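# Reading the structure
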Amino acid sequence: MTLAGGIKSAVKSTSLISWKTTGKLQKTVTNYIQKTGLGVHSGKLSTVKIHPELAGRGRYFEFKSNIIRASIDYVKESPLCTTLCKDGYSVRTIEHLLSALEASGVDNCRIEIQSCDSDDDASVEVPIFDGSAREWMEAIRQVGLMVAKDGGGKSCEKLAPFLNEPVFVSKNDSFVAAFPSQKTKIRYGIDFSKIPAIGCQWFCFTFADDRIYDNLIASSRTFCVYEEVEKLRNAGLISGGSAENAIICRGWLNPPLRFDDEPCRHKVLDLIGDVSLVARSGSQGLPVAHIFAYKGGHSLHAEFVRQLNRTE
């Protein structure tokens, strides 16, 4: 086992984060995964192929021969989803796929994505499926994982970011905070007190392995409030949204819920996908810390990740 040459510099510890071994080896998928589906915002079909990759390469998208790493360095502000952008090309709604990859331990992979509807667009969207990460988790389990080797045929240890001191970001009454801990714990709260079907919810769990994520988080679907649907569509969003890929709140138009607190659990799913953008060179993205979030969204999650990534 070795620590590939470029990994040490790519995951340099700072006063805020110490990169420590997890006692595990970096992994990748044993075979490629291919899935086609509709984008929730674009309403267009796209095909995603997830390929095995060498240790130390991390996770990255390939779109029209352009490489865009799954890194906070390429996150572009966008409403209701997380978007990566580089050299004029963008990949939208990456959070559910990245959440599944991070939670299942796919540390290195090449994610080839192409639009099925047009070759002219400089933007493409990851399929939404049923609005959760369940289909991605099932596909990953079907092919399985293997130890990733570097270009010299050697395995590499997997590092994780351990938080050394508290971090806090906020906007109005929303916040994300993290505190040093020996385990990864997430506590998330949402407040829709004017919408009785949702109300105020809190969900807390300790991340130990992919089975916990699979059982408690992966199948929770994205949600929207019925009265906001028309406004979002007029803004050019959720063109592909339907009762097949989201739970719609007007006393819940498409029951049953998979969990009583499914909306809150989905926020945790999003957070894991967004925070996975901390990862570098096949390392773990999700920090070993106690994370508290309240009424957060993708932009606040991204700001939290930028704080974690600051050098000093």
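Conventions adopted
Residues numbered from 1 in each chain as written. Predicted model: local features only at pLDDT ≥ 70, side-chain atom pairs only at ≥ 80, totals over all residues. Heavy atoms only, no water. UniProt positions renumbered as here; feature names shortened; annotations may be inferred. Axes fitted to C-alpha atoms, helices over the stretch in contact; angles between N-to-C directions. Helix = DSSP H or I, 4+ residues; strand = E, 2+ residues; numbered from the N terminus. Parallel < 35°, antiparallel > 145°, perpendicular 65-115°, else oblique. Left-handed = near helix turned anticlockwise from the far one by under 90°. Contact = heavy atoms within 4.5 Å. Nonpolar A, V, L, I, M, F, W, Y, C, P; charged D, E, K, R; others polar. Buried < 20%, exposed > 50% of the residue type's maximum accessible area, 1.4 Å probe, protein only. Arc of directions from axis to C-beta. Disulfide = S-S within 2.5 Å. Pairing = 2+ DSSP bridges.

Per an unreviewed UniProt entry, the chain goes by UDP-3-O-acyl-N-acetylglucosamine deacetylase and derives from Coffea arabica. If you open the UniProt record of the chain and go to Cofactor (unreviewed entry), you find "Zn(2+)". Under the UniProt heading Function (unreviewed entry), the note attached to the chain is "Involved in the biosynthesis of lipid A, a phosphorylated glycolipid that in bacteria anchors the lipopolysaccharide to the outer membrane of the cell. Lipid A-like molecules in plants may serve as structural components of the outer membranes of mitochondria and/or chloroplasts, or may be involved in signal transduction or plant defense responses."

Take the packing of helix α6 (residues 262-275) against helix α7 (residues 298-309) next. Packing of α6 against α7 leaves a shortest axis separation of 9 Å and a crossing angle of 40°. One element, α6, and the other, α7, form an angle in the oblique class. For the crossing formed where α6 meets α7, the hand is right-handed. Contacts between α6 and α7 involve Lys267, Asp270, Leu271, Asp274 and Val275 from the first element and His298, His301, Phe304 and Val305 from the second. Classifying every residue of the contact of α6 with α7 by side-chain character gives 4 nonpolar, 2 polar and 3 charged.

Those residues of helix α3 (residues 134-143) lying buried are Trp136, Met137, Ala139 and Ile140. For α3, the angular spread of the buried residues around the axis is 165°, confining them to a single face. Those residues of α3 that are buried are in contact with β3 (33-38), β4 (45-52), α2 (95-104), β12 (145-147) and α4 (210-216). Just downstream of α3 lies Gly144, where phi reads positive at about 80°.

So, on to the state of the cysteines. One pass over the structure, following the stated rule, counts 0 disulfides. Free cysteine: Cys116, not disulfide-bonded; nearest cysteine sulfur from Cys81 at 18 Å. In this model Cys224 remains outside any disulfide bridge; the closest cysteine sulfur is found in Cys249, 8.7 Å from its own.

The subject of this paragraph is the packing of α2 against α3. Here α2 crosses α3 at 40°, and the two axes come no closer than 9 Å. One element, α2, and the other, α3, form an angle in the oblique class. As for the relative orientation of α2 and α3, their crossing is right-handed in sense. For the pair α2 and α3, contact is made by His96, Leu97, Ala100, Leu101 and Ser104 and by Trp136, Met137 and Ile140, respectively.

The next thing to look at is the sheet that holds strand β15 (residues 174-180). Reading across the sheet, the 5 strands line up as β14-β15-β20-β16-β17 and stay open at both edges, with mixed pairing between neighbours. Where the open sheet ends on each side, the last strands, each with one partner, are β14 (167-171) and β17 (199-207). Adjacent strand axes in the sheet meet at a mean angle of 5°, parallel and antiparallel pairs treated alike. As defined by bridge partners, strand β16 (residues 184-192) adjoins β17 across 9 bridges and the pair is classed as antiparallel. Residue pairing for β17: Thr184 is matched across the bridge by Phe207. Contacting β16, β17 and β20 (289-294), α6 crosses the sheet at an angle of about 130° to β16.

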